[in-house]
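# Chain and residue survey
Given next are the chains, with one letter for each unit.
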Amino acid sequence: MSIEPEVPYEITDDYEDDWRDSTILMDSQSGSDANNARSTVYETMPDRIPDDHWVLPSTNSLSDILGTRRQRLEEIRFSTGTYIEYNQPKHQVDIWGDRVAVEKAKKHLDFLASQAALNHPVKTKTRKWSKPERELTERERQKAERRLARLAEEKSYQGQPPTPQPFTAMFALPDQSVPIPKLLGEKDSYLNSLRSQCKCYMWFDPQLYAIKIVGQEEQNVIQATARIRNWYLKCARRPASRTLRLLNQPSNNVDIKFGKLPPKFVTYKFTKEQQERFMLDNQCLMEPVSKGVVDTIRERCGDLIDLEDSKDQPAKPITTLSPRAQTLNERNLKSIQDALEVGLESLRLFDWEIRMKIRYGQICLVDYPKKSSDHFFTIEELSDKYFPKPQFRSVLAPCIGKTRTQMKPLFEYLTTHCEEFADSPRTSYSINAMQQPTFSLRPMRGESVPPPGEPWKTLLTARFRSDGQIGLWNCLTQCQDLVSISCAELEGNYSWEAKLEYGRRLPSESNTPHGRFAEQLRKGPENRLILVKVPDYEPLLVTQKTKWVYGWGEYIVEVGCDELWDLTRVEHNKAGLPLDLGQTEPHRTFYKVSIYKEAWRDRFAENLGLNIGEAPRWTPIDFLAAENEDVSVFMQMANTFGNILTQEVPLYWNTKDQSLV
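Presented here is an overview of the structure given in this document.

### Topic: helix 8 (residues 218-236)
Taking 1.5 Å as the rise per residue, helix 8 with 19 residues should run 27 Å; its terminal C-alpha atoms sit 27 Å apart, in good agreement. When helix 8 is considered as a whole, its buried residues turn out to be N220, V221, A224, T225, R227, I228, N230, W231, Y232, K234 and C235. Contact partners of the buried residues in helix 8: strand 4 (167-172), helix 6 (180-184), helix 7 (189-198), strand 5 (201-205) and strand 6 (210-215).

In structure tokens, the structure reads:
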């Protein structure tokens, strides 16, 4: 990198009055190559007073900030175009270079010092003598008194009541599938929470194998009984997963063959190049083929044409579906109803993050029966014989287009027929990582620390405020697809997939690896993320998500542009300096489309604030049997928008445009 002045100037042959020192960096116009000039800076120490310096803090050791053998100094030299050297007598770093480069080097050093302070906090000794604690203000005193009164009240409901209570109830445990310690909590911690919140006395009776509830208020006893029942169901219940592979009922009779993926196809997931080539070579798409035979003589021309003449007549497609195929949509409706009903009910009592939406794309066959390329499957064979088999596996590839030009007809349609939200487009960032849930213990001198456990897969999602600072963020783990319903469309370009998924939220605390990583995230000048290395947190894949959001009746349409960076392919500096993704082009960019109802998100948001034994207000009936919402409407809207995509957006691998616009 060359060092340039901040104001326009004219290059002259007189370098004595020039603002630069040629011993620091030779001008590119003086006949020397800029790269050679950089190497001169790094290899030769300037023979003059430093332009600036940076004093190392006394709270951390030299190796904590500059690394062993001071290798981080070399990284800063290359990244800033300065020459820096550690000045041992003054315990400072001397810096040579122009003002902009010097400031950049000092920012890197400030960052290393802040990281050292976080990773190696200084332990201060406790003084024997200290100032007396200040007297509480009136407001602080009242707050402390209320807290003590609340704790005393909570404790008063522990154990059995001192006097008989007017209202009594009992919840008999159905079986012994849930251990009593798991139900009541360590030292009755869960039961104590219910006691204090419901203001009732509750205890376990081993002879009756039941939870007894008594209290002064009837409503409190009823509430406590319902909550202990819900808590038991949550402890005993496991989420019920379902996977459905369906075929949308076509209007005409067709056969289906399995065809190879086109050369420009975007695979359903971003992975290593070798694995991606394997997917392109081995996965298939379903291709419909019109089914035709020569009609009988009577159907064509009665008895007037000789039988021999019929051999020369072209085949005519059979358009009539078989009786079994004519019930395809009816059977699909019943299958979706059952899968969603079981899945929603099994999730209802959990305080997890739950999402449901309908995505569009191409159904890729991953594991399928190996047949010759000229083999054709009937509608009945696929829907009844192969799709229900657990060995048969298919996934949705969500790419609708690679460039904005390819998506232009859809944007024009949505602008004309829908209403765009005021905050559209929305930008968020997601980071897939492997991490420890908490910071690993650091060994003290002479002590051994047990090795950390297996890392967790996590997904961190963050948004930034208008001032560039991080805003709302959350971190999920154990993300699972509970109900996955894929419906292949034979008469259009785009199939759809509905997913009901969930994940556990990790606490949003700064003393965790993901919390410290999130708090240090920031955006660069090119609106790209700048990542900071944090112990026990290893980011693997970063996605910048830009979403254009439109209102389409009671549904919301999201057109998203995903830009992905695979951090295993990005060269990291060894000094642990911030990684600016603005210096690296995304490894993959594609557009995708999905629809959902805002009511779905509002209902699922209730689960995030559930206390022990609480249940959200929604039930599966709200999704499956409401006045304006049921499975038939669900399928109709999914198919309707799929038809709109078929009309407006051609298949991207058949278009000539491949350049970003």
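### A look at the packing of helix 11 (residues 328-347) against helix 17 (residues 631-648)
Direction vectors running N to C along helix 11 and helix 17 enclose 115°, while the axes themselves pass 10 Å from each other. The chirality of how helix 11 crosses helix 17 is right-handed. Counting all contacts with helix 11, which are made through N329, N332, L333, I336 and Q337, the residues of helix 17 involved are V631, S632 and M635. Classifying every residue of the contact of helix 11 with helix 17 gives four nonpolar, four polar and no charged.

### Details of the sheet that holds strand 6
Pairing in this open sheet of three strands is antiparallel, and the strands run 4-6-5 from one edge to the other. The sheet is open, and its two borders are formed by strand 4 and strand 5, each paired with just one other strand. For this sheet, the mean angle separating the axes of adjacent strands, direction not counted, is 20°. Strand direction decides the pairing type here: strand 5 and strand 6, joined by five bridges, are antiparallel. Following the sheet pairing, F204 is matched in strand 6 by I211.

### Describing the nonpolar core
Ranked by size, the top nonpolar core spans 72 residues in total, and within it Y360, W496, V593 and F641 carry the most contacts. It is helix 17 that provides the largest number of residues to this core, a total of eight residues. Counting residues in each nonpolar core, the second largest holds 23 residues, with I431, A462, F517 and Y537 among its members.

### As for unusual backbone geometry
Between S424 and P425 the backbone carries a cis peptide bond, its omega angle lying at 0°. Along the polypeptide, P425 turns up in the loop between strand 15 (419-420) and strand 16 (426-435). If you check the backbone angles, K187 has positive phi at about 55° while not being a glycine. If you trace the backbone, K187 turns up in the loop between helix 6 and helix 7. Exposure remark for K187: the relative accessible area of 76% places this residue in the exposed category. You will see that Y209, though not glycine, has its phi angle at about 50°, which is positive. With respect to the helices and strands, the residue Y209 is situated in the loop between strand 5 and strand 6.

### Comments concerning the pairing of strand 14 (residues 393-397)
Of all five residues in strand 14, four are buried, a share of seventy percent or more. Bridge count for strand 12 (residues 353-367) against strand 14 is five bridges, and the pairing is antiparallel. From the neighbouring strand, Q362 faces strand 14, where its bridge partner is A397.

### Digging into the packing of aromatic side chains
For the structure on display, the rule yields 27 aromatic pairs. For the ring pair F387 and F392, a centre distance of 5.3 Å and an interplane angle of 50° mean the geometry is tilted. Each of the two residues, F387 as well as F392, counts as buried. Members of the aromatic cluster, each reached through a chain of ring pairs, are Y360, W496, W552, Y555, W600, F634 and F641. For R404, the ring lying beneath its charged end belongs to F411, and the centroid distance is 4.0 Å.

### Focus on the pairing of strand 3 (residues 92-96)
Within strand 3, five of the five residues are buried, which leaves it mostly tucked inside the rest of the structure. In sequence, strand 2 (residues 83-87) turns back onto strand 3 through a hairpin of four residues, with H91 there showing a positive phi of about 50°.

### Remarks on the pattern of salt bridges
In the structure shown here, the tally under the stated rule is 30 salt bridges. One salt bridge in this structure joins K357 and E558, with 3.6 Å as the shortest N-O distance. Of this pair, K357 sits in strand 12 while E558 sits in strand 23 (residues 555-566), and the two are 201 residues apart along the sequence. A residue is classified by how much of its surface remains accessible, and K357, at 21% relative accessible area, is partly exposed. Measuring nitrogen to oxygen at the nearest pair gives 3.3 Å for the salt bridge that ties K545 to D562. Taken together, the residues span a long stretch of sequence, with K545 in strand 22 (residues 537-552) and D562 in strand 23 at a distance of 17 residues. By sharing partners, the salt bridges in this structure join K357, K547, E558 and R601 into a single network.

Conventions adopted
- Residues numbered from 1 in each chain as written.
- Predicted model: local features only at pLDDT ≥ 70, side-chain atom pairs only at ≥ 80, totals over all residues.
- Heavy atoms only, no water.
- Helix = DSSP H or I, 4+ residues; strand = E, 2+ residues; numbered from the N terminus.
- Expected span 1.5 Å × (residues − 1).
- Buried < 20%, exposed > 50% of the residue type's maximum accessible area, 1.4 Å probe, protein only.
- Contact = heavy atoms within 4.5 Å.
- Axes fitted to C-alpha atoms, helices over the stretch in contact; angles between N-to-C directions.
- Left-handed = near helix turned anticlockwise from the far one by under 90°.
- Nonpolar A, V, L, I, M, F, W, Y, C, P; charged D, E, K, R; others polar.
- Pairing = 2+ DSSP bridges.
- Core = buried A, V, L, I, M, F, W, Y, C linked by side-chain atoms within 4.5 Å.
- Phe/Tyr/Trp six-rings, centres within 6.5 Å; stacked < 30°, edge-to-face > 60°.
- Lys NZ or Arg CZ within 6 Å of the ring centre and 35° of its normal.
- Salt bridge = Lys/Arg side-chain N within 4 Å of Asp/Glu carboxyl O.

Everything listed here is a matter of coordinates, which is why it stays silent on function.
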